[in-house]
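# Geometric and topological summary
Here's the letter readout for the chains.
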Amino acid sequence: MRRIAWMLLAALTASLAVFLPGTPATAGTAWDYPEFPYQPTTYSEPFRGQFHFSSQSGWMNDPNGLVYANGEYHFFYQNNPHGLAWDTMHWGHATSPDLVHWTQKPIAMEPGVQPGDLWSGGGVVDTHDTSGLKTGVYDPIVVFSNTDGVSVYYSNDNGQTFQAYDHGAKQITVPAADSRDPKVFWDTDRKRWTMVVWSDQDGNGVSFYTSPDLLHWTFASRYQGSWLFECPDMYPLPLDGDARKQEWVLTSASGEYVVGSFDGTTFHTDWTQPQAMNLGTTYAGGTFYAPETFTNTPDGKIVQMAWQGGNQGSTWTGDATFPVDLGLVSTPDGPRVTRTPIPALSSLASETESWKDRTIGAGSGNLLSSIKADTYEITARFDVSHSTAARFGFDLHARSDGSADSSVVYDTAAQTLRGKPLAPDHGEITLQILVDRGQLEIYADGGLYSLSDNVDFDSAADSQGIRLFATGGNVKLDSATFTRLNTSWGTGESTLASDVAGPWHAAGGQWTDTGGGKQGTATGNGFYLSAGSGADAVYQGDITLDTAQAGGLTFRAGADGTGYTANIDADGVVKLWRPGKDIAVYSTPISKGRAYHLKVRTDGPRIRVWLDNGADPVIDATDSAYTSGRYGVNVFNGQATVQNLNTGTAGLTAFPAGRWTPHSGTWTVTPQGLHGSSSQDGFYLSDRTGTDFTYQGDLSVTNGTATGLTFRAGADGVGYTATIDTNGVVKLWRPGKDIAVHDASIVEGRTYHLKVQADGPRIRVWLDNGADPVIDATDDAYGSGFFGVNAYAGNTVAQNLAIS
């Protein structure tokens, strides 16, 4: 949207709502990315959609970069997580297994971490790694954003974090005049990528670019249209379901579209005027704007979602339309787009009631008088060929005083549904109505008619009636079905990283999503339990005592948490216990506010517990009370945070050592290795020391500045560090002195192998198994000390640490 339009919209929204408490909209920092700034919610507030996506809190507008990647749908969207008005755009993120059940995720991209204006854009999944950006097991998610030129951002961890291509130093295309909103798709016929991006060069229109690799683009053509204002989308649809008759649809932010052909370079159409695919209020802040389709869907269907700006509540502004399948059908006026709700809507169905062959009129009474409902679907087919009724339809959220929050009414003389044209099809009117707490969507005539609206439905018990009526005569109801729809929220984990099967449930205490993981608060014992269970296994995770006396890993447990727990206790112990018995205790200092890594291995009655990546268990005990059960976590008397709950041996692979100890920064263990996060220099130190040695490992900077191997260090990390730095260097340094620097391209998100050989004062550093060292220097400040890892001003990962 034009900057002035955004300013006006922001001012309007600000006049209707106040900012959320806390920090105003602002840029983020790399070291604490990705943030999770959302207020807790049960998603049960008035006007909060129960099966329409809305951001957990804050402002949302355009859908962005919609993709199906690595087994799940990713919905990114324009988001100000810090307030209820448009400001300082971030990319919000949610995931779903089925396009119905959504889980809020941490911020995907935020200003200050990723460069550029993070405005609307598109996304693809580079399944064949045409870009060469892939670094791990996941197919890269590649997204496009920025204004007045397009920038590329990519994720190699399934959307958890994003890096900017070439550090954002150059934009891959720079269209003339004002430009924004790139959408990219794979051109199957030409085996290359195509980008369509809006600009106002000589008036509204879109420019087309092509690329073999998502990174290098060639201008192809331009299509001009006064109606074609921002947020373009383009996709092929088979006419009448016939794949041999494929047409291309080009759309604008308002949902207007034209149908034509695309030869890989140029879009052609003989249409002189666009058509509207939705009959809602199609302007920014209305009820249908900036529609975008998913790429890489597993069934090849074209699925669309749009922004509904007219919905708001106490902690959020805006929601998304329910996902629809798009089709293209022949009509007497030419091909037209159809929009129909995806079939997975049925997964929310509970109570259903149906009727057939009824006459609706003044004396028939209300067929739905016994139903009280808040969120539901109505389908109905009326025979109007012999209707005498002037008007008929449904009053929604009706009350005994005759009032209703909204109505869906057909005018038989005007042949309009809710004031919009709808001619009968073979004498019939067929409706599908979706009623949510703040949303109303109406579909008719096989999806040729669709209307999205925001309605503040009153969910009070005395306002949940439905009236089926006809006035001025009778109408024949061939069939109707009412289906109650349950909430789609609460089935996934927003911030808890885990490979244990869900859903999880609380058994005592309160459990909240935070940036650091799942935070539990309890008076006494509280448990958070998975649906996954096991007998003999390795189970590990990170535990931080905030105010709690204790917190730990629970296993072989029942649904109420009764089972074993290995915990850390602020009294200075690691404890293995079950109800009524402390099985084993290990004394060691335990501090609040830092993460401890616990690992448990069960082999029949033998239970071993490791602390902070030590080579040897701190507890080795036997107990036979429980042989199998659920995995979970525990908090006792206060608040604790848990993260990275995983079964199996994946974690930090490192040289044998006792406990590792952090000195500044936050250090946790993921299946990929040791994760460090620090605003300045942070160190994670083993208890191993060395004088002359070879020390090596695999290092990466997820986002931020630097990470490295620390050696000959004191307990505070003061010593030598060999660092990879995203400013483009490998550096050997000690406090107060850069001993040697080697220029090298260090890319965020990529893994590099560093090797250090220390022989007296001579220190050599190798990069990526090169034959020759990139640094060969001498310094005699430190002769011996601890081995460890460093993180500086960013997020880092270390793995495969070895000493010889």
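Model, not experiment: these values are computed from the prediction. Each chain carries its own residue numbering, running from 1 in the direction its sequence is written. Side-chain atom pairs in this predicted model are given and counted only at pLDDT of 80 or more, local residue features only at pLDDT of at least 70, and totals for whole chains, interfaces and linings cover all residues. With hydrogens and water stripped out, all remaining heavy atoms of the structure feed into the side-chain values.

A word on the overall build of the protein. Helix and strand assignments follow DSSP, with helices taken as H or I runs no shorter than four residues and strands as E runs no shorter than two, numbered in order from the N terminus. In terms of regular secondary structure, the protein is built from one helix and 56 strands. Since a compact globule built from 804 residues should have a radius of gyration of about 28 Å, the 30 Å found for the protein is in line with a globular shape. If one aligns the C-alpha atoms of the protein with their principal axes, the spans along those axes are about 100 × 65 × 50 Å. Accessible area is worked out with a 1.4 Å probe on protein chains only. A residue is then buried under 20% of its type maximum, exposed over 50%, and partly exposed in between. When burial is assessed residue by residue, the protein has 59% of its 804 residues classed as buried. The criterion used for residue contact is that any of the two residues' heavy atoms lie within 4.5 Å. Restricting the contact set of the protein to residue pairs at least 6 apart, pairs at least 24 apart contribute 61%. The method behind every accessible area is Shrake-Rupley, applied with a 1.4 Å probe, and residues are considered shielded solely by the protein chains displayed. Split by element, the accessible area of the protein, about 29000 Å² in all, is 48% carbon and sulfur. Of the side chains in the protein, 51 bear a positive and 85 a negative charge, and the two mean positions are spaced by 4 Å. We compute the radius of gyration from the C-alpha atoms alone; for a globule the expected value is 2.2 Å times N to the 0.38, where N is the number of residues. Here the positive residues are Lys and Arg and the negative ones are Asp and Glu; neither His nor the chain ends is included. Taken as the charge location is NZ of Lys, CZ of Arg, CG of Asp or CD of Glu.

Attention shifts here to the sheet that holds strand β27 (residues 416-417). Each pair of strands is called paired provided DSSP finds at least two bridges between the two strands. Judged by pairing direction, the sheet is antiparallel, and its five strands sit side by side in the order β28-β27-β26-β25-β32 without closing on themselves. Looking at the sheet topology across the chains shown, the edges are occupied by β28 (420-421) and β32 (465-471). Relative to β27, strand β26 (residues 404-411) runs antiparallel, the two sharing two bridges. Its bridge partner being in β27, Asp-411 is matched across the sheet by Thr-416.

Now for the environment of Ala-398. Residue placement: Ala-398 occurs in strand β25 (residues 391-398). Since its relative accessible area comes to 4%, Ala-398 is described here as buried. For the pair Ala-398 and Ser-463, spaced 65 residues apart in sequence, the C-alpha to C-alpha distance is 5.5 Å. Each residue touching Ala-398, except ones within four places of it in the same chain, is listed here: Ser-403, Ala-404, Asp-462, Ser-463, Gln-464, Gly-465, Ile-466 and Arg-467.

Where charged atoms from two side chains of opposite charge approach closely, those side chains can pair. Any carboxyl oxygen of Asp or Glu within 4 Å of a side-chain nitrogen of Lys or Arg constitutes a salt bridge here. This structure, assessed with the given rule, holds 34 salt bridges. As a salt-bridge pair, Asp-513 and Lys-518 come within 2.9 Å of each other at their nearest N and O atoms. Accessibility classification places Asp-513 together with Lys-518 in one group, the buried group. With a shortest N-O distance of 3.7 Å, Lys-737 and Asp-779 are connected by a salt bridge. In this pair, Lys-737 is assigned in strand β52 (residues 737-743) and Asp-779 in the loop between β55 (775-778) and β56 (785-803), connecting sequence segments 42 residues apart. On the basis of relative accessible area, Lys-737 is assigned to the partly exposed category, the value being 38%. Exposure remark for Asp-779: the relative accessible area of 6% places this residue in the buried category. Among the charged side chains, a network of salt bridges with common partners joins Asp-357, Arg-381, Glu-428, Lys-476 and Asp-478.

The next thing to look at is the packing of aromatic side chains. Aromatic pairs are defined between Phe, Tyr and Trp rings, using the six-membered ring for Trp, whenever the two ring centres lie within 6.5 Å; interplanar angles under 30 degrees are classed as stacked, those over 60 as edge-to-face, and all others as tilted. Within this structure, the stated rule accounts for 45 aromatic pairs. For the ring pair Phe-53 and Trp-102, a centre distance of 6.1 Å and an interplane angle of 65° mean the geometry is edge-to-face. With Phe-53 in the loop between α1 (3-16) and β1 (58-69) and Trp-102 in the loop between β3 (90-96) and β4 (103-109), this residue pair connects regions lying 49 residues apart in the sequence. Note on Phe-53: relative accessible area 1%, which makes it buried. Connected via pairs of aromatic rings, a cluster forms that spans Phe-655, Trp-660, Trp-667, Tyr-684, Phe-693, Tyr-695, Phe-711, Tyr-720, Tyr-782 and Phe-787. Here, over-ring charges are defined by two tests on the NZ atom of lysine or the CZ atom of arginine: distance to the ring centre within 6 Å, and angle to the ring normal within 35 degrees. The side chain of Arg-594 reaches across the aromatic face of Tyr-596, ending 3.7 Å from its centre. Directly above the ring of Trp-766 sits Lys-755, whose terminal nitrogen or CZ lies 4.6 Å from the centroid.

In this description, a nonpolar core means a group of buried Ala, Val, Leu, Ile, Met, Phe, Trp, Tyr and Cys residues linked to one another through side-chain atoms lying within 4.5 Å. Among the nonpolar cores identified, the biggest contains 56 residues, and Phe-53, Phe-75, Trp-102, Tyr-223, Met-234, Leu-250 and Phe-267 are the most heavily contacted of them. Sorting the residues of this core by element identifies β1, β2 (72-80), β11 (205-211), β13 (233-239), β14 (242-251), β15 (256-262), β19 (303-312) and β21 (324-329) as the ones contributing at least two each. Setting aside residues no more than four positions away along its own chain, Met-234 makes contact with Phe-185, Val-196, Phe-208, Trp-248, Val-249, Leu-250, Phe-262 and Phe-267. By size, the runner-up hydrophobic cluster in this structure holds 37 residues, among which are Trp-355, Val-384, Tyr-449 and Ala-480.

A separate point is the sheet that holds strand β8 (residues 163-164). What links the strands of a sheet is backbone hydrogen bonding, and the strands pair in either a parallel or an antiparallel sense. One open sheet holds the four strands; their spatial order is β5-β6-β7-β8, and the pairing between them is antiparallel. The sheet is open, and its two edges are formed by β5 (123-125) and β8, each paired on a single side. Judged from the three bridges that link them, β5 and strand β6 (residues 141-145) form a sheet pairing that is antiparallel. Paired with Val-124 across the strands is Val-142, a residue of β6.

A few words on the side chain of Asp-623. The residue Asp-623 is located in the loop between β44 (619-622) and β45 (629-647) in this model. Apart from the residues lying within four places of it in its own chain, the contact partners of Asp-623 are Tyr-564, Arg-578, Lys-581, Ile-583 and Pro-605.

This brings us to unusual backbone geometry. Of note, the amide linkage connecting Tyr-33 to Pro-34 takes the cis form, showing an omega dihedral of 0°. In this model, Gly-502 is joined to Pro-503 through a cis peptide bond whose omega is 0°. Secondary-structure assignment places Pro-503 in the loop between β33 (475-485) and β34 (505-507). Even without glycine at this site, Ala-290 takes up a positive phi of about 55°. With respect to the helices and strands, the residue Ala-290 is situated in strand β18 (residues 289-293).

A few words now on the confidence of the model for the protein. Across the chain, each position has a pLDDT score giving the predictor's confidence in that residue, from 0 to 100. Summing up the model confidence of the protein, the mean pLDDT is 95 and the portion of residues at 70 or higher is 97%. Considering only residues more than four positions removed or in separate chains, one finds that residues 10-23, a stretch of pLDDT under 50, has 27 contacts.

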